[in-house]
Amino acid sequence: DLLPGMSLRDIFCCSRPYDRRKCTSNSCNICSRLEEGSDCSTMCPIYEITCNLCSKQYVGESSRSLNERLSEHLRFATNPTTGSYKEEAMAVHYSKEHLGISPDLSFRLLGTESNTVLRKVYEALFIYSQGPELNDKEDYMAHKPLFATIYIGLFQYYRVGM
């Protein structure tokens, strides 16, 4: 049943659920860094990046494809001193700890969620539960007590209440 304010898009993931996007590149720079079974064309991901030089991690989310977003992170790590990148987590990490060294990053898909609010909540929960060193702690520590309340409320509204 549709609840007030819900649309069919909130119930169905997409209009063509059996059409799967697949990476078509034989030498994809992102797919080669993803764990087995994941594909860089995945949309609306929640992902984890691991710096293989020091094992520090970062958790993020995007409404775009894994390829688009992870390519940006790779570019930030490759060119950490570029002025427009200086605030980005991978640029900060590589400029402070691995300046002059080629990025050695691996990527893991944690999940997907087309609903923006839920995707951001899931990202926050992964950050809260895993405590990745490369995420900006101030972004989520100030709101830590709210995470469980928000998650339970949204979960019940979107998943259980339908």
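A quick note: this is a predicted structure, and the numbers were derived from the prediction, not measured.

Enquirer: I'd love a proper account of the environment of Glu97, names of residues and values included.
Expert: In this fold, Glu97 is placed in helix α3 (residues 89–97). Classification of Glu97 by relative accessible area gives partly exposed; the value is 39%. Expressed as a C-alpha distance, the spacing of Glu97 and Cys54, which sit 43 residues apart in the sequence, is 8.9 Å. Beyond its immediate sequence surroundings of up to four residues, Glu97 is in contact with Cys54 and Lys56. A polar side-chain atom of Glu97 sits 2.8 Å from a polar atom in the side chain of Lys56.

Enquirer: Before we move on, can you summarise the nonpolar core with the specific residues and values?
Expert: One finds Ile30, Leu34, Ile49, Leu70, Met90, Leu105 and Phe107 to be the most contacted residues of the largest nonpolar core, which totals 20 residues. Elements represented by at least two residues in this core include exactly β1 (45–51), α2 (66–78), α3 and β3 (105–112). Of all the elements, α2 adds the most residues to this core, at 5 residues. Residues in contact with Leu34, not counting those within four places in the same chain, are Asp39, Cys40, Leu66, Leu70, Phe107 and Arg108. Among the nonpolar cores identified, the runner-up in size contains 6 residues, and Ile46, Leu118, Tyr122 and Ile127 belong to it.

Enquirer: So what's going on with the sheet that holds β3? Which residues, and what values?
Expert: Two modes of strand pairing occur in sheets, parallel and antiparallel, and in both the strands are linked by backbone hydrogen bonds. Spatially, the 3 strands line up as an open sheet ordered β2-β1-β3, and their pairing is antiparallel. With partners counted over all chains shown, the strands left at the sheet margins are β2 (57–61) and β3, one partner each. Pairwise comparison of adjacent strand axes, ignoring direction, gives a mean angle of 20° for this sheet. Sheet topology places β1 next to β2; 5 bridges connect them, and they run antiparallel.

Cut-offs applied
Residues numbered from 1 in each chain as written. Predicted model: local features only at pLDDT ≥ 70, side-chain atom pairs only at ≥ 80, totals over all residues. Heavy atoms only, no water. Helix = DSSP H or I, 4+ residues; strand = E, 2+ residues; numbered from the N terminus. Buried < 20%, exposed > 50% of the residue type's maximum accessible area, 1.4 Å probe, protein only. Contact = heavy atoms within 4.5 Å. Polar contact = N/O pair within 3.5 Å; in protein donor to acceptor, adjacent residues only side chain to side chain. Core = buried A, V, L, I, M, F, W, Y, C linked by side-chain atoms within 4.5 Å. Pairing = 2+ DSSP bridges. Axes fitted to C-alpha atoms, helices over the stretch in contact; angles between N-to-C directions.

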